[in-house]
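Chain and residue survey
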Amino acid sequence: MTVTRFAPSPTGYIHVGNLRTALFNHLIARKTGGTFVLRIDDTDPERSKEEYVDAIKQDLEWLGITWDKVERQSARLDRYEQAAQQLRELGRFYEAWETPTELDLKRKKLLNMGKPPVYDRAALALSDDEKTALRAERGDGVWRFKLDHERIAWTDGILGDVSIDASSVSDPVLIRADGQFLYTLASVCDDIDMGITHVVRGNDHVTNTATQIQMIKALGGTPPEFAHHSLLTGPQGEALSKRLGTLALRDLREAGVEPEALISLMARLGSSQPVELRMTMEEIAEGFDLNTFGSAPTKFDEQDLYPLTAKKLHELPFDQVADQVAALGVPADKAELFWKITRENITTRKDLAGWWDLFRDGADPLVAEEDKEFIEQAMNLLPDGPYDAETWGTWTKAVKEATGRKGKGLFMPLRKAVTGQERGPDMSDVMQILQVIRAKG
Ligand code: GLU
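Quantities reported herein were computed from a predicted structural model and do not represent experimental measurements.

1. Looking at the overall build of the chain
- A count of helices and strands for the chain gives 18 helices and twelve strands.
- Its C-alpha atoms give the chain a radius of gyration of 31 Å, more than 25% over the compact-globule value 22 Å for 441 residues.
- Structurally, the chain occupies a C-alpha span of about 105 × 45 × 35 Å along its principal axes.
- Of all intrachain contacts in the chain linking residues separated by at least 6 positions in sequence, the fraction that spans at least 24 positions is 75%.
- Accessible surface, the chain as shown: approximately 21400 Å² in total, 49% of it carbon and sulfur.
- The average position of the 55 basic charges and that of the 71 acidic charges among the side chains of the chain differ by 3 Å.

Dropping the structure here:
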């Protein structure tokens, strides 16, 4: 059975970049009737915050990304200690005491010589006496995983055949000097123990994958299928990393983006399939196929979310917005009509408030100099409200007869005078809901 996971660190809100990871793993599980695990990578006690755990859950729920199980790394520290011990016994784990400054110097030297800045394994050559001395002087060191210097190869679900020479990679640090387990080791233990069969994540993890494949094998596990999706860029191909702070899912929700719009875009962006609005996760899962995604950076333009949002709203039945319309103060007998006439004239639900303000308080008339007299004449022909479905027809007919105007020259100035706008809903509908016509004085 397929088991996938989304493994956020609760150190911030999820943004569009992590959403792709969450969504792809979710869709693979849903498509195959498998299990989707939400794994909270909270081994860093200082940066992990409970409020972010809650926020991550809320954001995923908003999008309909449901999970079958929650796991937390902070509850599994004993297991990571046991794995560390196993690696020590296997001779694959060693302690090292270089300070960050020393490491930096080593890196620079190698780069100056035109060599890749790979850790030189100096700590492996230390004698027991030297280790004791370093421990006395500097305290506990970091623990590094000793890579086997061979080519590590896998068939990636998006990148195809990948192979990385392990000797071009530094032995990864798995335990910090303060004893904190790093995600790399924790993740490997979890993927093994939780029976994870597929891991999709950003291609910034490709090197991690190579080292993790060796770790999984060393610990007696079977590596899952890996796939690395491209990272998002801005519309011009610019790095998105700096802007991700404003592209948190909650910011988009706040801006009025509908969840179906976001899911529909993210499930297809960067693939060879067209982006189309889909109203259910089932429909999205059905057409989802990792093979259709390319490895090139994927351009993301948040503006693309708005036409999809508007499209969803245009088709949304009244019962799904009834509460919101009532909350605006629209009288119950006008609520359905209000939705009928506004839904095709809004981009997000936030625009509803503006329409209700207009209907309730009336609009500042928009009257061109040459139409002043005409509007005055027309307003005299308009009886006092309330108005019904016939009002617009009867009124414009009377105005036409009295002024001789017709077509656009008749209707447009009236619309502008009544609604203050050049475009908008059908005027027969508008007349029924307008509480005040300011142009009438
Ligand atoms: N917590 C890791 C991250 O957010 C998870 C990476 C992974 O999917 O393995 O980068």
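Structure's up, so let's keep going.
2. Some words on the site of the ligand
- The environment of the ligand is made up of Arg5, Ala7, Ser9, Asp41, Tyr183, Ser187, Arg201 and His205.
- A distance of 2.8 Å is found between a nitrogen atom of the ligand and a backbone nitrogen or oxygen belonging to Ala7.
- One nitrogen or oxygen atom from the side chain of Asp41 is found 2.7 Å from a nitrogen atom belonging to the ligand.
- Bound to the protein, the ligand loses 79% of the 300 Å² it would expose on its own.
- In this structure the site holding the ligand corresponds to the largest pocket.

3. Observations concerning the sheet that holds strand 5 (residues 142-145)
- Judged by pairing direction, the sheet is antiparallel, and its three strands sit side by side in the order 4-5-8 without closing on themselves. Each edge of the open sheet carries a strand with a single partner, namely strand 4 (93-96) and strand 8 (173-175). Ignoring which end each strand starts from, the neighbouring axes of this sheet average 45 degrees apart.
- Where strand 4 and strand 5 come together, four bridges link them in antiparallel fashion. Bridge pairing links Phe93 to Phe145 in strand 5.

4. Here we look at the environment of Ala248
- Turning to its location among the elements, Ala248 is positioned in the loop between strand 11 (232-233) and helix 8 (249-254).
- Setting aside chain neighbours within four positions, we find Ala248 in contact with Tyr13, Ile14 and His15.

5. Considerations on the layout of surface pockets
- By volume, the largest pocket amounts to about 790 Å³.
- Along the wall of the largest pocket there are 33 residues; nearest its centre are His15, Gly17, Asn18, Thr21 and Asp204.
- Looking at the lining of the largest pocket, the elements with two or more residues in it are strand 1 (3-6), helix 1 (16-31) and strand 9 (198-202).
- Here the residues of the lining of the largest pocket sort into 13 nonpolar, 14 polar and six charged.

6. Thoughts on the pattern of salt bridges
- On inspection of all chains with the given rule, the structure shows 34 salt bridges.
- We note a salt bridge from Glu98 to Lys106, for which the minimum N-O separation is 3.3 Å.
- For Glu98, a relative accessible area of 17% puts it in the buried group.
- In this structure Lys106 comes out as partly exposed when scored by relative accessible area, which is 25%.
- Here the residues in one salt-bridge network are Arg5, Arg39, Asp41, Arg76, Arg79, Asp190, Asp191 and Asp193, joined through shared partners.

7. Section: the environment of Asp388
- Tracing the sequence through the fold places Asp388 in the loop between helix 15 (372-381) and helix 16 (391-403).
- A relative accessible area of 43% places Asp388 in the partly exposed class.
- Sequence separation between Asp388 and Ala248 is 140 residues; the distance between their C-alpha atoms is 45 Å.
- Non-local contacts of Asp388, meaning those with residues more than four positions away in its chain, are made with Ser428 and Gln432.
- In this structure the side chain of Asp388 is engaged in a polar contact, spanning 2.8 Å, whose partner is the backbone nitrogen of Glu390.

Scoring rules and cut-offs
- Residues numbered from 1 in each chain as written.
- Predicted model: local features only at pLDDT ≥ 70, side-chain atom pairs only at ≥ 80, totals over all residues.
- Heavy atoms only, no water.
- Helix = DSSP H or I, 4+ residues; strand = E, 2+ residues; numbered from the N terminus.
- Rg over C-alpha atoms; globule rule 2.2 N^0.38 Å.
- Contact = heavy atoms within 4.5 Å.
- Areas by Shrake-Rupley, 256 points an atom, 1.4 Å probe, with all protein chains shown as cover.
- Lys, Arg positive; Asp, Glu negative; His and termini not counted.
- Charge placed at Lys NZ, Arg CZ, Asp CG, Glu CD.
- Near = heavy atom within 4 Å.
- Polar contact = N/O pair within 3.5 Å; in protein donor to acceptor, adjacent residues only side chain to side chain.
- 1 Å grid on protein atoms, 1.4 Å probe; cavity = no way out; pocket = protein on both sides within 12 Å on 5 of 7 lines; lining within 4 Å.
- Sits in = over half its atoms within 2 Å of the grid points.
- Pairing = 2+ DSSP bridges.
- Axes fitted to C-alpha atoms, helices over the stretch in contact; angles between N-to-C directions.
- Points joined across faces, edges and corners; volume = space filled by probe spheres on them.
- Nonpolar A, V, L, I, M, F, W, Y, C, P; charged D, E, K, R; others polar.
- Salt bridge = Lys/Arg side-chain N within 4 Å of Asp/Glu carboxyl O.
- Buried < 20%, exposed > 50% of the residue type's maximum accessible area, 1.4 Å probe, protein only.

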